[in-house]
Amino acid sequence: GENVEQHPSTLSVQEGDSAVIKCTYSDSASNYFPWYKQELGKRPQLIIDIRSNVGEKKDQRIAVTLNKTAKHFSLHITETQPEDSAVYFCAALDFGNEKLTFGTGTRLTIIP
Amino acid sequence: GAGVSQSPRYKVAKRGQDVALRCDPISGHVSLFWYQQALGQGPEFLTYFQNEAQLDKSGLPSDRFFAERPEGSVSTLKIQRTQQEDSAVYLCASSPLAGVETQYFGPGTRLLVL
């Protein structure tokens, strides 16, 4: 089955700086890669996603890049703000299985 | 419109007790998923429904776990003879169509087994 690894597990960034979170996956059949933000005690919320026929996608301060050959994808947050503090999860989905496999999460702290 | 809802939000059970967790997906969503999230971990897949059909239950940890979605909308996850290791947040997610990948999550039910 699919295995997703996520790094780093914790990340502290000065407000206004950029944050980068990296994930690798094992199953080359995976073709959809969402990123979820989860605040303490809240539901995971989709913030951006990318399909395997696209190399990069951007939405305002958030971008995701995908390298299918190397089987890794990354989340980039620019101009970080205190409200970006949360746990971020990457995930991979194989349409054949319909289920998401999640990484172990990155706790991002924005230092004012 | 309303998002995915789950009830109860919190459940404390004595070891050995049976519990039932409810998920109300977004109206009209075909696919429904259950995930288990242990403290400090990412969600882990339990089971998946397409309408009323349970197409994948490979993630259910034991035969004490049972899920159903009899009319293709509301789903119930039942855990029999709860054990302490069952303590976790149980998340439900729904998706508009089969094969459409965006999954929308509910707030979860936090289960504590004493």
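Anything mentioned here points back to the structure above.
Reading the values: rules and limits
Along each chain, residue indices are assigned from 1 in the same order as the chain's sequence is written. The order in which chains are written sets their letters, starting at A; the order in which ligands are written sets their numbers, starting at 1. Note on the predicted model: pLDDT of at least 70 is required for a residue's local features to be given, and 80 or more for side-chain atom pairs to be given and counted; whole-chain, interface and lining totals, by contrast, use all residues. Here the side-chain values reflect all heavy atoms present in the structure, with hydrogen atoms and water set aside. Helix and strand assignments follow DSSP, with helices taken as H or I runs no shorter than four residues and strands as E runs no shorter than two, numbered in order from the N terminus. Here, residues are in contact when the closest pair of their heavy atoms is within 4.5 Å. Areas reported as accessible are Shrake-Rupley estimates using a 1.4 Å probe. Residue values count occlusion only from the protein chains shown. Think of it this way: Lys and Arg go in the positive column, Asp and Glu in the negative one, and His and the chain ends go nowhere. By convention, the charge on Lys lies at NZ, on Arg at CZ, on Asp at CG and on Glu at CD. Exposure is judged per residue with a 1.4 Å probe applied to protein chains only, and the accessible area is read against the type maximum: over 50% gives exposed, under 20% gives buried, and values in between give partly exposed. Note: two strands are recorded as paired if DSSP finds a minimum of 2 bridges between them. In the cavity and pocket records, a cavity denotes points on a 1 Å grid over the protein atoms alone where a 1.4 Å probe fits but cannot get out, a pocket denotes an open set with protein on both sides within 12 Å along at least 5 of 7 lines, and lining residues are residues with an atom within 4 Å of a point. Grid points are joined across faces, edges and corners, and a volume is the space filled by probe spheres set on the points. Fitting a line to C-alpha atoms yields each axis, with helices limited to the stretch in contact; the angle taken between N-to-C directions then spans 0 to 180 degrees.

Participant: Any chance you could explain the overall build of chain A here in plain terms?
Facilitator: From N to C terminus, chain A includes 0 helices and 11 strands. Counting helices and strands in the order they occur from the N terminus, chain A gives β-β-β-β-β-β-β-β-β-β-β. The dimensions of chain A, computed from C-alpha atoms along their principal axes, are 45 × 30 × 20 Å. Sequence-distant contacts in chain A: of pairs separated by 6 or more residues, those separated by 24 or more amount to 52%. Summed over its atoms, the accessible surface of chain A is roughly 5,600 Å², and 46% of this surface lies on carbon and sulfur atoms. Of the charged side chains in chain A, 12 are positive and 14 negative; the average position of the first set lies 3 Å away from that of the second.

Participant: In this structure, what is going on with the pairing of strand β3 (residues 19–24) of chain B? I would like to understand it.
Facilitator: Successive residues of a regular strand alternate their side chains across the two faces of the sheet. All names here are of chain B. The side-chain alternation of β3 yields one buried face, formed by V19, L21 and C23, and one unburied face, formed by A20, R22 and D24. Where strand β1 (residues 5–7) lies against β3, 3 bridges are found, and the strand directions are antiparallel. Within β3, the residue paired with S7 across the bridge is R22. Two strands pair when backbone bridges link them, and β3 and strand β8 (residues 75–79) are joined in this way by 5 bridges, in the antiparallel orientation. Of the residues in β8, the one forming a bridge with V19 is I79.

Participant: Is there a simple way to think about the layout of surface pockets in this case?
Facilitator: Unoccupied space between atoms shows up once a probe the size of one water molecule is rolled over them. Here the largest pocket is characterised by a volume of approximately 610 Å³. If you trace the largest pocket, you find 32 residues lining it, with Q38 and L40 of chain A together with Q37, L39 and G40 of chain B closest to the centre. Of all the secondary structure elements, the ones that give two or more residues to the lining of the largest pocket are β9 (86–93) and β11 (106–111) of chain A together with β9 (88–95) and β11 (109–113) of chain B. Here the element with the most residues in the lining of the largest pocket is β11 of chain B; it accounts for 4 residues. Here the second largest pocket defines a volume of roughly 400 Å³. Along the wall of the second largest pocket there are 21 residues; nearest its centre are E2, L100, T101 and F102 of chain A together with E44 of chain B. Every element with two or more residues in the lining of the second largest pocket is listed here: β9 and β10 (100–102) of chain A together with β5 (44–50) of chain B. Residue contributions to the lining of the second largest pocket peak at 3 residues, all from β10 of chain A.

Participant: What is the right way to read unusual backbone geometry from this model?
Facilitator: Trans is the prevailing form of peptide bonds, just as negative phi is the prevailing case for residues other than glycine. Going from H7 of chain A to P8 of chain A, the amide bond is cis rather than trans, its omega being -5°. Here P8 of chain A shows up in the loop between β1 (4–7) and β2 (10–14). Following S7 of chain B, the chain continues into P8 of chain B via a peptide bond in cis, with omega recorded as -10°. Inspection of the secondary structure puts P8 of chain B in the loop between β1 and β2 (10–13). We note that K71 of chain A has phi near 55°; this positive angle belongs to a residue other than glycine. Positionally, K71 of chain A belongs in the loop between β7 (62–67) and β8 (72–77). Positive phi, close to 45°, is recorded for R81 of chain B, a residue that is not glycine. Within the secondary structure, R81 of chain B sits in the loop between β8 and β9. Relative accessible area serves as the criterion here: at 42%, R81 of chain B is assigned to the partly exposed category.

Participant: Even after reading the chapter, I still don't get the sheet that holds β8 of chain A, so can you show me in this structure?
Facilitator: Strand pairs in the sheet, formed through backbone hydrogen bonds, run parallel or antiparallel to each other. Residues and elements named next belong to chain A. Read across the sheet, 5 strands follow the order β1-β3-β8-β7-β6 without closing on themselves; strand pairing throughout is antiparallel. Strands at the two margins of the open sheet, each flanked by one partner only, are β1 and β6 (56–59). In this sheet, neighbouring strand axes are inclined to one another by 15° on average, regardless of whether the strands run parallel or antiparallel. Sheet analysis places β1 next to strand β3 (residues 19–25), joined by 4 bridges and oriented antiparallel. Paired with Q6 across the bridge in β3 is C23.

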